[in-house]
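Survey of secondary and tertiary structure
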Amino acid sequence: MIPRKHKELLQTIGRYADKLGLKAWVVGGAVRDFYLKKDTKDLDLTFEGSPESVAGFCVRTWGGEKHKFSQFNTYRVTLGNGLKLDLVQARKEHYARPGALPEVTFSNIKDDLFRRDFTANAWALSILPKNFGASYDPFGAQKAIDKGVVKILHDKSFSDDPTRLYRAARFAGRFGWTIDRKTSQLMSDASREEYPFILSRERIRQEFIKILEEKKLPEVFAFLEQYELLPFIYPGLKWNDTILKGKSIAAKIGICACLLKDSGPEFLLSLHLPKELTHELIGAWSVVDTQKSPMSSLTEMQESIIRAVCPGLKRTALQPCFVKGRELRDMGLSGRKISSAMDRFCKLQWAGRIANKDQALSFLK
């Protein structure tokens with residue numbers, strides 16, 4: 001099942017792990033994608049024992065860099081060819097309260113698979129030399145994939161980690177799967193009991209970004225609307241085909257803000273995005289909201305957002321206002337008369353009634 005393009009790499013890692021006396025597997029979404037014959041550039045590797053030495057070995061062998069990003073012997077290795085390896089020590093998780101980060105103890109492969117989100121992702125293939133590629137599937141991952149079903153591993157899954165509600169919608173939409181009947185009921189219960197409110201806005205933002213990265217966005221949003229999960233991201237958020245016009249994740253977020261109309265800026269601020277990006281997106285929203293040509297040049301992303309939400313605009317609508325305040329002062333205007341005239345010019349330019357500076361000055365005279 002392990003594809004040829006990854007086979008040599010995994011065999012090499014398996015031989016090194018075997019020399020260290022470690023049991024080693026490729027697990028989770030990578031195994032699911034292997035089985036579905038889908039390409040993947042992210043490989044999750046689990047070891048019974050510390051993977052620190054293996055992470056260093058990977059960098060020495062193929063180049064790239066490693067990064068330790070938790071206290072639980074978890075390493076991310078980004079190889080020179082762009083392939084990402086996540087190396088973790090098999091562990092067991094316990095959630096002291098809903099939505100809390102888990103308490104972790106090191107354990108075995110079965111416990112490590114049980115902590116995963118869905119049965120389809122709870123699958124492991126050995127990478128050790130003696131049984132390379134041997135399947136370990138204690139929770140019926142292959143069966144779930146064959147049936148095309150999203151199914152959680154235990155009844156407390158969504159209360160332990162409410163982000164799984166959004167992941168369920170993403171997987172179901174991405175693969176065209178159905179959601180297991182009991183899982184569906186538990187999703188509805190979790191939404192009704194408002195479990196997503198337990199999550200920080202940062203974690204909500206991360207889930208929303210992952211949603212917008214999906215290729216089958218309408219299908220994913222359909223599941224999010226079915227289980228009433230969008231209001232936890234922001235009230236009033238809903239699917240609109242215009243979102244598909246966004247050329248980047250940031251542009252899609254900006255389009256969503258424009259579609260929310262008066263609530264757009266509050267939505268953007270609630271996501272806790274970088275300040276410069278938030279300012280840029282609010283700038284695009286402001287042009288759409290006021291329906292006026294801007295006073296200064298727009299960025300390429302701002303223009304793309306505005307044209308997505310307001311199709312059919314003339315080219316000049318998004319150019320900076322043809323008339324400057326100093327020109328109005330030179331013509332004898334002052335104070336509020338200048339601001340009132342500028343406001344009127346920007347609206348006329350937006351509407352296409354003024355196509356150049358000469359027309360603007362002629363109109364003023």
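All figures in this text were calculated on a predicted structure; none of them were measured in a lab.

What counts, and where the lines are drawn
By convention here, each chain's residues receive numbers from 1 onward along its written sequence. Local features in this predicted model are restricted to residues of pLDDT 70 or higher, and side-chain atom pairs are both shown and tallied only at a pLDDT of 80 or more, whereas totals for entire chains, interfaces and linings draw on every residue. Just so you know, side-chain values use all the structure's heavy atoms and leave hydrogens and water out. Only DSSP runs of H or I reaching four residues or more are called helices, and only runs of E reaching two or more are called strands; each is numbered from the N terminus. Here the term buried applies to any residue with accessible area under 20% of the maximum for its type, exposed to any over 50%, and partly exposed to those in between, with areas from a 1.4 Å probe on protein chains only. Stacked, tilted and edge-to-face are the three classes assigned to paired rings of Phe, Tyr and Trp, where Trp is represented by its six-membered ring and a pair needs centres within 6.5 Å; plane angles under 30 degrees give stacked, over 60 edge-to-face, the rest tilted. Here, over-ring charges are defined by two tests on the NZ atom of lysine or the CZ atom of arginine: distance to the ring centre within 6 Å, and angle to the ring normal within 35 degrees. By the convention used here, residues are in contact when the closest approach between their heavy atoms is within 4.5 Å. Buried Ala, Val, Leu, Ile, Met, Phe, Trp, Tyr and Cys residues form a nonpolar core when they are joined through side-chain atoms within 4.5 Å. Here, any two strands with at least 2 DSSP bridges between them count as paired. Between N-to-C directions, angles span 0 to 180 degrees; the directions come from axes that are lines fitted to C-alpha atoms, helices contributing only their stretch in contact. Note that the arc is defined by the directions from the helix axis to the C-beta atoms. Within this document, salt bridges are pairs made up of a side-chain nitrogen of Lys or Arg and a carboxyl oxygen of Asp or Glu, the two lying within 4 Å of each other. Any N or O atom pair separated by 3.5 Å or less is treated as a polar contact, with the protein-specific requirement of one donor-capable and one acceptor-capable atom, and with residues adjacent in sequence counted only for side-chain atom pairs.

Attention now moves to unusual backbone geometry. Even without being glycine, His 272 reaches a positive phi, approximately 55°. One can find His 272 in the loop between helix H13 (264-270) and helix H14 (275-290). The exposure class assigned to His 272 is partly exposed, which follows from its relative accessible area of 41%. In the Ramachandran plot, Gln 291 falls in the positive-phi region, its phi being about 55° despite a non-glycine side chain. Positionally, Gln 291 belongs in the loop between H14 and helix H15 (300-309).

Here we come to the packing of aromatic side chains. Under the criterion given, the structure shown has 11 aromatic pairs. When the centroid spacing of 4.1 Å and the interplanar angle of 5° are considered together, the rings of Tyr 16 and Phe 57 count as stacked. A residue pair is termed long-range when its members are at least 10 positions apart, and Tyr 16 in helix H1 (residues 4-19) and Phe 57 in helix H3 (residues 52-62) qualify at 41 residues. A cation over an aromatic ring shows up here: Arg 76 above the ring of Phe 69, its NZ or CZ 5.4 Å from the ring centre. Positioned above the aromatic ring of Phe 171 is the side chain of Arg 170, whose terminal nitrogen or guanidinium carbon lies 5.7 Å from the ring centre.

Here we come to the environment of Trp 285. As for its position among the elements, Trp 285 is in helix H14. Considered as a pair, Trp 285 and Gln 302 are 17 residues apart in the sequence and their alpha carbons are 8.5 Å apart. Ignoring anything within four residues of it in the chain, the contact list for Trp 285 reads Ala 257, Cys 258, Lys 261, Asp 262, Gly 264 and Pro 265.

With that settled, consider the nonpolar core. Ranked by size, the top nonpolar core spans 94 residues in total, and within it Val 26, Leu 85, Phe 208 and Phe 267 carry the most contacts. Setting aside anything within four residues of it in sequence, one finds Leu 85 in contact with Leu 9, Ile 13, Leu 43, Cys 58, Tyr 75, Arg 76, Val 77 and Leu 79. Counting 11 residues, the second-largest nonpolar core is a separate cluster that includes Cys 321, Cys 346, Leu 348 and Ile 354.

Spatially, the seven strands line up as an open sheet ordered E3-E4-E5-E2-E1-E8-E9, and their pairing is mixed. Every other strand in the sheet has two partners, leaving strand E3 (65-70) and strand E9 (135-136) as the edge strands with one partner each. Bridge analysis of strand E4 (residues 74-78) against strand E5 (residues 84-89) gives four bridges, and the strand direction is antiparallel. Its bridge partner lying in E5, Arg 76 is registered against Asp 86. In this fold H1 packs onto strand E1 (23-27), strand E2 (42-48) and E5, with an angle of close to 20° to the strand it touches most, E2.

Looking now at H15. Buried within H15 we find Met 301, Gln 302, Ile 305, Ile 306 and Ala 308. Here the buried residues of H15 occupy an arc of 160° about the axis, which is enough to place them on one side. Where H15 is buried, its residues meet helix H12 (249-259), H14 and helix H17 (336-350).

A full pass over the atoms with the stated rule returns 16 salt bridges. When the shortest N-O distance is used, the salt bridge between Arg 116 and Asp 112 registers 2.9 Å. There is no split in this pair, since Arg 116 and Asp 112 are both buried. Here Arg 167 makes a salt bridge to Asp 117, at a shortest N to O gap of 3.0 Å.

Glancing now at the side chain of Asn 73. For Asn 73, the position within the fold is in the loop between E3 and E4. Using a relative accessible area of 16% as the deciding quantity, one classes Asn 73 as buried. Only 3.4 Å separates the side chain of Asn 73 from the side chain of Ser 50, close enough to count as a polar contact. In terms of polar contacts, Asn 73 uses its side chain to reach the side chain of Gln 89, at 2.8 Å. The residues contacting Asn 73, other than those within four sequence positions of it, are Ser 50, Pro 51, Lys 68, Leu 87, Val 88, Gln 89 and Phe 106.

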